[in-house]
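Here are the chains, one letter per residue:
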Amino acid sequence: MANFYKKIHLPSALLHLPSAFILLTSAFFLHTSSCQEGREAGDLLGQWRQTGTDDRYVSFAGSVALFHDGQGRKVFANFQHVGDSLMIQCHSIEGLATDTAHIEQHFGMKPFKDIRLKIDNLDDDHLIVSQGGQIWSFYKY
Amino acid sequence: MPKPMDSQRFLLMMACSLGLLTTHAQDSLNTHISYDLTTEAAFGTGDYTAYQLVTNRHHVLGTRANTGYTRGAVTIEHQWNKDWKLSGAVDIIASAHADHKTYLQQCYANLSYQQFFLEAGVREQHQVIRDEDLSIGSFAKGTNAKPFLQLHLGTNGYWTVPYTKGWLEINLDGGYGRFMDSDYREEAFNRGIKANGKNVNDKYATGILYHQKHFFFRTNPHKRFFFVGGIEHVVQFGGTKYAYDKEGVLTSKSKPTNLRSYLEIILPLGDKNYYENDAMEDWIYGNHLGEMTVQLGWNINKDHLLQVYYDDIFEDGSGMRMSNGIDGTCGIQYDNKTAGKQYIRKVVMEYFQSTNQSGPLHFDGGDYPEPIRSEITDLVTGNDEYYNHTCYDSYTHYGMTPGIALITSPIYNKNGLTTFCDNRVKAWHMGISGEVTNHLSYLAKGSYREGWGTYDFPLAQKHYSFDAMFQGIYTTGPWQFSAAYAFDKGNIYGDCSTFNLKIGYHGKLL
């Protein structure tokens, strides 16, 4: 019958374990406690998809926001998150009216240069914002 | 398939090397010539040969369903003395209903001095620290694609550094080479032209050059605890890019391949004047990717080893600065080194993630004209787009990623796209192997993954797939017989069910 395993002499192994564990844990956290790019965005960091759609995404990183439709249309913006207020100023790369329409009509957020939203809920997976009774619900994607 | 001229040159070079070998063999006992004959068939249902049968096998078996091949290889080794050895091999595959019909899989010459080597040609390279049979492999220098043509030097395994009393060993390799799939890339690009005349692809590249290096060090592996650390780094550079301009005309632009370019890609330091030197083109010259590894080994006793590891992946600068969260592979591996048959010989469990990519967006004012360059002043260098590149299109060789196959290779894209469409992935993987009798061994592995597409083009519906394989291997003398069953369930490869049979013979001529 094939040997399956042998008895493991634990006591002496365990004496060495703490130092090895510290070494690996330190190496791991040194490695991963990196500076996450765009971490200044705080809890907003990430890509959010509007609930019930597959063509409305908003991403936050650093102090930059990005609205896109998942098909190549992009509008960049500055944003500020203060308390439960979210202020967004969009900019069109080529000054196109279609970019303004993309934000104000496709996303329904206006005005293009000065969007002011209230954050009703923000956690790891969900973001709910509102403006004058209109509500947008997003989930992390 | 390499261009005829290239393969003729190689065969001539190899023939000369092998002729040199045999004519200088003063003692025939120092010269060994062996051959391997293999035939393999995979048949079943579904659109593809099941994932686990194809993955991490140097693209020997085709991805199409119901495929097979016959393979013949001749290997020559000549040991001049205890320090010097010359070896080489020629290895040809002839396939049916496959991604390639006939292919020169390997053709190389290797000169070794003690634990160092210099090698030229095409050769299947082995994993340095990941288990070749059970692990998902390496992000950059994996075993999933056909091997590259290269000239490289390094150590044969780990080399004990002198005067360290066995406490420090290093394993290194480095060299330059070339992607051999220029014709394939052009054909794949043109397959993207749809009935309306528009191409779903916007670029391709040919004549891409290749640079690779790895450096790993470890403490004495025979002590109770030992540590392994290191880095591997791969670069695509040079070549010619073909892309549509604003008028829809396909235009070409060649990248420099002078001595300076060969030196620049060793360390990706970047071009601070890239605003003037063609913005959005080459902030960093070449496509750089790789991984950094930390690993701890615990010799429980002389027969049992447990290792835990983390491979931190990177593609471009933000990843190199470890700004991409925990993207990479976390794993644990158990090895049973007990002699004789062991029901459990090795176990590997891994978690792989590529969803962070240093954040969801990339904005650099230098990439855009005024006024937006002045309106948004923050610099955010995320959206690393693993395995895709603005110049080289994709990190692939004949449509397969040389890295981690859990990021679905473009060869599987039914929409004709030549880029990776799903590089934001989370996956769980496990593999186990052992022996049932002295002649019969087994291997089983399975992966479950989820994918969200890319940041630029998120998937409307999340991808998922469960892929598993069970294999029995019977070895008797020079013969090896293998039977396997593998399946895929999900919306990446569809539902595939594949039976696989393989017969191999290893013979010696001298």
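## Details of the sheet that holds strand β9 (residues 203-206) of chain B
All names here are of chain B.
Then, number 1: With respect to topology, 3 strands assemble into an open sheet ordered β9-β12-β13, the strand pairing being antiparallel. Each end of this open sheet is capped by a strand with a single partner; those strands are β9 and β13 (250-254). Across the sheet, the mean angle separating the axes of adjacent strands is 20 degrees when strand polarity is ignored.
Then, number 2: Strand direction decides the pairing type here: strand β12 (residues 240-244) and β13, joined by 5 bridges, are antiparallel. Bridging from a neighbouring strand, Y244 pairs with L250 of β13.
Then, number 3: Running at roughly 165 degrees to β9, helix α3 (residues 182-190) makes contact with β9, β12 and β13 of the sheet.

## Description of a negative patch on the surface
Residues and elements named next belong to chain A.
Then, number 1: A surface patch of negative charge is lined by D43, D123, D124 and D125.
Then, number 2: The topology assignment puts D43 in the loop between α1 (10-32) and β1 (46-50).
Then, number 3: Residue classification places D43 among the exposed residues on the basis of a relative accessible area of 57%.

## Concerning unusual backbone geometry
Then, number 1: Here K110(A) and P111(A) are connected by a cis peptide whose omega angle stands at -5 degrees.
Then, number 2: The omega torsion of the bond from E370(B) to P371(B) falls at 5 degrees, within 30 degrees of zero and hence cis.
Then, number 3: Relative to the assigned elements, P371(B) resides in the loop between β18 (362-363) and α6 (372-375).
Then, number 4: In this structure, H97(B) takes a positive phi of about 50 degrees despite not being glycine.

## Re the interface of chain B and chain A
Then, number 1: Contact residues are listed per partner, giving 55 residues for chain B and 50 residues for chain A.
Then, number 2: Across the interface of chain B and chain A, roughly 4300 Å² is buried in total on both sides, 65% from carbon and sulfur atoms.
Then, number 3: For the interface between chain B and chain A, the tally reads 2 salt bridges.
Then, number 4: Put simply, chain B and chain A have 13 residue pairs in polar contact (both at pLDDT 80 or more) between them.
Then, number 5: Contributions of two or more residues to the side of chain B that touches chain A are made by β11 (225-237), β14 (287-299), β15 (304-315), β16 (328-336), β18, α6, β19 (380-381) and β24 (458-476) of chain B.
Then, number 6: Considering every element that reaches the side of chain B that touches chain A, the biggest residue donor is β24(B), with 5 residues.

## Quick notes on the side chain of H214(B)
Residue and element names in this part refer to chain B.
Then, number 1: Mapped onto the secondary structure, H214 falls in strand β10 (residues 209-218).
Then, number 2: Side chain to side chain, H214 and K141 meet in a polar contact 2.7 Å long.
Then, number 3: Of the polar contacts made by the side chain of H214, one reaches the side chain of N171; its length is 2.8 Å.
Then, number 4: Not counting the four nearest positions on each side in its chain, H214 is found in contact with V128, K141, N171, L172, D173, I231 and E232.

## Looking at the environment of Y244(B)
Residue and element names in this part refer to chain B.
Then, number 1: Following the sequence through the fold, Y244 ends up in strand β12.
Then, number 2: Filtering out sequence-adjacent residues up to four positions away, Y244 remains in contact with F189, N199, N201, D202, V249 and L250.
Then, number 3: A polar contact is formed between the side chain of Y244 and the side chain of N199, at a distance of 3.3 Å.

## Examining the nonpolar core
Then, number 1: Among the nonpolar cores identified, the biggest contains 46 residues, and F139(B), F352(B) and Y387(B) are the most heavily contacted of them.
Then, number 2: Elements with a contribution of two residues or more to this core: α2 (51-54), α3, β10, β11 and β22 (425-435) of chain B.
Then, number 3: Among all residues touching Y387(B), those that are not within four sequence positions of it are F139(B), L289(B), E315(B), D393(B), S394(B), Y395(B), T401(B), G403(B), I404(B), I407(B) and F420(B).
Then, number 4: Within the second largest apolar cluster, 35 residues are counted, among which are W48(A), M109(A), I115(A) and L127(A).

## Quick word on α3(B)
All names here are of chain B.
Then, number 1: Of the residues making up α3, those classed as buried are S182, Y184, R185, A188 and F189. Within α3, the buried residues cover an arc of 160 degrees as seen down the axis, which keeps them to one side.
Then, number 2: In this fold, the buried residues of α3 make contact with β8 (169-178), β9, β11, β12, β13 and β21 (393-394).

Parameters at a glance
Residues numbered from 1 in each chain as written. Chains lettered and ligands numbered in written order. Predicted model: local features only at pLDDT ≥ 70, side-chain atom pairs only at ≥ 80, totals over all residues. Heavy atoms only, no water. Pairing = 2+ DSSP bridges. Helix = DSSP H or I, 4+ residues; strand = E, 2+ residues; numbered from the N terminus. Axes fitted to C-alpha atoms, helices over the stretch in contact; angles between N-to-C directions. Contact = heavy atoms within 4.5 Å. Patch = residues over 30% accessible without salt bridge, like charges linked within 9 Å, V, L, I, M, F, W, Y side chains within 5 Å. Areas by Shrake-Rupley, 256 points an atom, 1.4 Å probe, with all protein chains shown as cover. Salt bridge = Lys/Arg side-chain N within 4 Å of Asp/Glu carboxyl O. Lys, Arg positive; Asp, Glu negative; His and termini not counted. Charge placed at Lys NZ, Arg CZ, Asp CG, Glu CD. Buried < 20%, exposed > 50% of the residue type's maximum accessible area, 1.4 Å probe, protein only. Buried area = accessible area lost by both parts, 1.4 Å probe. Polar contact = N/O pair within 3.5 Å; in protein donor to acceptor, adjacent residues only side chain to side chain. Core = buried A, V, L, I, M, F, W, Y, C linked by side-chain atoms within 4.5 Å. Arc of directions from axis to C-beta.

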